[in-house]
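Below are the chains, spelled out letter by letter.
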Amino acid sequence: VLRKMGLGKVLMKKALEEARSLGARELMLVARKPGFYRKLNFTAVPPEEAPKIFDCLGCPQYQVDCFPEIMKYEIPAEGPVLRETHTAEQGAKRA
């Protein structure tokens, strides 16, 4: 119901700002909707390089309806904390 209103982006920006204020240089997460995070410049971590931060293997939905990815975001030391990726389609909608 609240999709496409920008709430997820606002919350992620606040989380990244808080992480930076605590000295974090990167944020890693398990993304159930990787496309959302890709738009915010998160990158997928190859499975062989991913830390063991999730317990999806025992879930009956794993690789059936749910295809999570471990993703990482490099937090800049200065400037805007969130560097959003814009697609051509998004640019056309703004014009």
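Predicted model, so just to flag it, every value in this text is computed and none were measured. (Residues numbered from 1 in each chain as written. Predicted model: local features only at pLDDT ≥ 70, side-chain atom pairs only at ≥ 80, totals over all residues. Heavy atoms only, no water.)

## Focus on the overall build of the chain
What counts here: Under the DSSP-based scheme used, a helix requires at least four consecutive residues in state H or I and a strand at least two consecutive residues in state E, with every element numbered from the N terminus. Think of it in three bands: residues with accessible area under 20% of the maximum for their type are buried, residues over 50% are exposed, and the middle band is partly exposed, with areas taken using a 1.4 Å probe on protein chains only. Two residues form a contact once any of their heavy atoms are found within 4.5 Å. Note on areas: Shrake-Rupley with a 1.4 Å probe; residue coverage comes only from the protein chains shown.
Looking only at helices and strands, the chain features three helices and three strands. Secondary structure elements of the chain, listed N to C terminal, follow the sequence α-β-α-β-β-α. Per-residue burial for the chain yields a buried fraction of 23% across its 95 residues. Of the contacts made within the chain by residues no fewer than 6 positions apart, 77% connect residues no fewer than 24 positions apart. Roughly 7100 Å² of accessible area belongs to the chain as shown, and the carbon and sulfur atoms make up 58% of that amount.

## Observations regarding the confidence of the model for the chain
Put simply, the rule reads: For every residue, the pLDDT score states the predictor's confidence, bounded by 0 at the bottom and 100 at the top.
On average, residues of the chain score 82 in pLDDT, and 84% of them are at 70 or above. Here helix 3 (residues 88–94) stands out as the element of the chain with the lowest mean pLDDT, 46, in contrast to strand 2 (residues 43–44), whose mean of 94 is the highest. With pLDDT under 50 throughout, residues 88–95 is counted as low confidence; its partners more than four residues away or in other chains account for three contacts.

## Notes on the pattern of salt bridges
Put simply, the rule reads: Basic side-chain nitrogens of Lys or Arg form a salt bridge, by our definition, when they fall within 4 Å of a carboxyl oxygen of Asp or Glu.
Applying the stated criterion to the full structure yields four salt bridges. Of the charged contacts, one joins Lys 13 and Glu 17 as a salt bridge, the two residues approaching to 4.0 Å between their closest N and O atoms. In this pair, Lys 13 and Glu 17 are both assigned in helix 1 (residues 7–21), four residues apart and thus about one turn of the helix distant. On the accessibility criterion, Glu 17 (30% relative accessible area) is partly exposed. For Lys 72, the salt bridge identified is with Glu 26, shortest N-O distance 4.0 Å.

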